[in-house]
Amino acid sequence: GARRGGEALRAAAAAVTVSLVADPIHGAVVSDSFCAMLTQGFRAALEGAPDGIVAVANAEHTSGGRTWNAGTRDELRGVLAQAVGSLLPGAAAGSPQLGEAPSAAAVQLAAEQVEGVWERVEGEGR
């Protein structure tokens, strides 16, 4: 069902993320960017196996003053899906195309949108 499809998409996204972080030229920037958008608690998982990223994403933790839980996950889900869709063509259909790298402007816009969600969540004290 939809749940299995979501799990498959999360696993695929995690696998893509691990490969991006492993890139010898851009990997450190990718890791820093993901942690800036999510929490620093993801850093070790990003350098490991894809199922580690999924496990961290499914668990609750507090890192760098941010609390990652079901509420923040739900708040961020929409904007992250939109960001990934704009950065990786075909991601929404479940078949991201890793062709040309997204533009710096697209990455910056996605990061700003995510940051706006964090500011709202933190402002509401969740």
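Keep in mind that what you see is a predicted model, and the values were worked out from it rather than measured.

Asker: So what about the nonpolar core? Which residues, and what values?
Answerer: Generally speaking, nonpolar side chains in soluble globular proteins are found buried as a group. Phe 42, Leu 46, Ile 53, Trp 68, Leu 76 and Val 114 are the most contacted members of the largest nonpolar core, which has 20 residues in total. Those elements that place two or more of their residues in this core are α1 (2-21), α2 (27-37), α3 (43-46), α4 (50-58), α5 (70-87) and α6 (104-123). A total of four residues in this core trace back to one element, the largest contributor, which is α6. If we skip the residues at most four places from it in the chain, Leu 46 touches Thr 17, Val 18, Val 21, Ser 31, Phe 34, Cys 35 and Ile 53.

Asker: Quick one: what's the story with α4, residue by residue and with numbers?
Answerer: Within the span of α4, buried status applies to Ile 53, Val 56 and Ala 57. Down the axis, α4 shows its buried residues gathered within 100° of arc, on one side only.

Asker: Describe α2, naming the residues involved and giving the relevant values.
Answerer: Residues of α2 that are buried: Gly 27, Val 30, Ser 31, Cys 35 and Met 37. Angularly, the buried residues of α2 cover 165° about the axis, an arc narrow enough to put them on a single face. Those residues of α2 that are exposed and aimed more than 90 degrees away from the buried face are Ala 28 and Val 29.

Cut-offs used in this document
Residues numbered from 1 in each chain as written. Predicted model: local features only at pLDDT ≥ 70, side-chain atom pairs only at ≥ 80, totals over all residues. Heavy atoms only, no water. Core = buried A, V, L, I, M, F, W, Y, C linked by side-chain atoms within 4.5 Å. Buried < 20%, exposed > 50% of the residue type's maximum accessible area, 1.4 Å probe, protein only. Helix = DSSP H or I, 4+ residues; strand = E, 2+ residues; numbered from the N terminus. Contact = heavy atoms within 4.5 Å. Arc of directions from axis to C-beta.

Geometry only, nothing functional implied.
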